[in-house]
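Descriptive analysis of the structure
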Amino acid sequence: LQHPLSWMHGLPTGERPGWNKSLWFNFEISNGNVWNAPLTMIDKRNGNQYEYTADFEQNNAYLELGGALSKFWALSIEVPVAERSGGVMDSVIDDFHVLINNFRFNRQNYPKNRNIFSVKTNNVEYYTNDDLGGGIGNLKLKLKWWFLQWFGFDEGSCPCGISVSSQTKFPVQDKKYSNTTDGIDQSLLLHIGVPIFNSSALWFTGSYTWLSETPAMKGWPRYNYVQTYELNADIGLNDKWGLLLGVRAE
């Protein structure tokens, strides 16, 4: 999840209930464009002024190492790595919005390809380092109990059924780098998966996360928890190709 606050808190994403092998190594890379036009808010409780701006591209690398402790229990560790820059996608995304005659979210009113993440309280900037969001900000420890197992027809197509898990995010970087909150975030999750035909699957993940304090937004009105509901479909087209469809609400 590349939203800056989701990244800092290490919010969970949808997962299948189980696992296919006793040991696994997962590696993923991705790129995303983050855009939040400068937003200024006045806190009517005390008159404080809050300002928030996010405009950057982020390259991500995820590494997960895991293993089954028994038939029903598994433990893994996730290592997310971030690299932020001005990128090159601003014009492409804006042009696409124009092409489909969609709202442009005021992109046209600001310079392209900037690298800005700014959080201010009463005009005082919290993030003052030049290198924001680089490196490893968090580590996440996952423990899963797969108590009801249901496998798909093809080997590996769906380690489905029902499981519950715990995900604990630990900060490993200074909070001034905007890559972490400098606190522990704890999530509890429910996973439900159903195999479809020979090589497809449908799975649901619901989670509840207790959020650590965000130092950059100290005193801001904010939630202390996040609920997440995510539904994913993995449609197997053949032995090598599949189509992933997902919807998520927080």
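Please refer to the structure placed before this passage.
Being a predicted model, the structure only gives us computed values, none of them experimental.

As for the state of the cysteines
The final tally for this structure, using the stated rule, is one disulfide. What pairs with Cys-158 in a disulfide is Cys-160, and their sulfur atoms sit 1.4 Å apart. Disulfide Cys-158 to Cys-160: torsion about the S-S bond roughly 65°, handedness right-handed.

Considering the pairing of strand β8 (residues 185–196)
Of the two faces of β8, the one holding Asp-185, Ser-187, Leu-189, His-191, Gly-193 and Pro-195 is buried and the one holding Gln-186, Leu-188, Leu-190, Ile-192, Val-194 and Ile-196 is not buried anywhere. Where strand β7 (residues 159–171) and β8 come together, nine bridges link them in antiparallel fashion. Bridge pairing in β8 links Ser-163 to His-191. Note that β8 and strand β9 (residues 200–210) share 11 bridges and pair antiparallel.

Here we look at the packing of aromatic side chains
Scanning the entire structure with this criterion turns up 16 aromatic pairs. By the ring-pair criterion, three or more aromatic residues cluster together here, those being Tyr-52, Phe-56, Phe-117, Tyr-126 and Tyr-127. Against the face of Phe-117 rests Arg-84, its NZ or CZ located 5.6 Å from the ring centre. Its end group placed over the ring of Tyr-126, Lys-176 keeps NZ or CZ at 4.0 Å from the ring centre.

Some thoughts on empty space enclosed by the protein
On inspection of all chains with the given rule, the structure shows one cavity of 30 Å³ or more. Lining the largest cavity are Trp-35, Asp-55, Asp-90, Arg-107, Tyr-110, Pro-111 and Lys-112. Of the residues that constitute the lining of the largest cavity, the class distribution is three nonpolar, no polar and four charged.

Concerning the environment of Tyr-229
Summarising the element assignment, Tyr-229 is placed in strand β10 (residues 225–236). For Tyr-229, a relative accessible area of 42% puts it in the partly exposed group. The sequence separation of Tyr-229 and Lys-71 amounts to 158 residues, and the corresponding C-alpha distance is 27 Å. Aside from chain neighbours lying at most four places away, what touches Tyr-229 is Phe-204, Thr-205, Gly-206, Val-247, Arg-248 and Ala-249. A polar contact of 2.5 Å, which involves the side chain of Tyr-229, links it to the side chain of Gln-227.

Describing the nonpolar core
Counting 14 residues, the largest nonpolar core has Tyr-52, Ala-54, Phe-117, Val-119, Tyr-127 and Trp-220 as the members making the most contacts within it. Within the residue set of this core, elements represented by two or more residues are β2 (49–68) and β4 (116–121). Of all the elements, β2 adds the most residues to this core, at four residues. Ignoring sequence-local partners within four residues, the contact set of Ala-54 consists of Pro-4, Val-34, Trp-35, Asn-36, Ile-116 and Phe-117.

As for unusual backbone geometry
Trans is the prevailing form of peptide bonds, just as negative phi is the prevailing case for residues other than glycine. Unusually for a residue other than glycine, Phe-105 sits at a positive phi of about 55°. Turning to its location among the elements, Phe-105 is positioned in the loop between α2 (90–99) and β4. Judged by its relative accessible area of 43%, Phe-105 falls in the partly exposed class. Here the phi dihedral of Ser-178 falls at roughly 60°; this positive angle occurs in a residue that is not glycine. Within the secondary structure, Ser-178 sits in the loop between β7 and β8. On the accessibility criterion, Ser-178 (0% relative accessible area) is buried.

Rules used throughout
Starting afresh in each chain, residues are numbered from 1 along the sequence in its written order. Thresholds applied to this predicted model are a pLDDT of at least 70 for local features of residues and 80 or more for the giving and counting of side-chain atom pairs; totals over whole chains, interfaces and linings are not thresholded and use all residues. For the side-chain quantities, the full set of heavy atoms in the structure was used; hydrogens and water were omitted. We call a pair of cysteine sulfur atoms a disulfide whenever their separation is within 2.5 Å. Partly exposed residues are those whose accessible area sits between 20% and 50% of the maximum for their type, while under 20% is buried and over 50% is exposed, using a 1.4 Å probe and protein chains only. Every helix listed is a DSSP run of H or I at least four residues long, and every strand listed is a run of E at least two residues long, numbered separately from the N terminus. Here the rule is simple: two strands pair whenever DSSP picks up at least two bridges between them. Side-chain rings of Phe, Tyr and Trp, where Trp is taken by its six-membered ring, are said to pair if the distance between their centres is within 6.5 Å; with planes under 30 degrees apart they count as stacked, over 60 as edge-to-face, and otherwise as tilted. We call a charge positioned over a ring when the NZ of a Lys or the CZ of an Arg lies within 6 Å of the ring centre and within 35 degrees of the ring normal. Here a cavity denotes a set of grid points, spaced 1 Å apart and computed over the protein atoms alone, in which a 1.4 Å probe fits but from which it cannot get out, and a pocket denotes an open set meeting protein on both sides within 12 Å along at least five of seven lines; residues with an atom within 4 Å of a point are reported as lining. Grid points are joined across faces, edges and corners, and a volume is the space filled by probe spheres set on the points. In this count, Pro and Cys sit with the nonpolar residues alongside Ala, Val, Leu, Ile, Met, Phe, Trp and Tyr, while Asp, Glu, Lys and Arg are called charged and the others, Gly among them, polar. In this analysis, two residues are considered to be in contact whenever any of their non-hydrogen atoms come within 4.5 Å of each other. Any pair of N or O atoms that falls within 3.5 Å is considered a polar contact. Within protein, one atom must be able to donate a hydrogen and the other to accept it, and sequence-neighbouring residues count only if both atoms are side-chain atoms. For this analysis, a nonpolar core means a set of buried residues of the types Ala, Val, Leu, Ile, Met, Phe, Trp, Tyr and Cys, connected via side-chain atoms within 4.5 Å.

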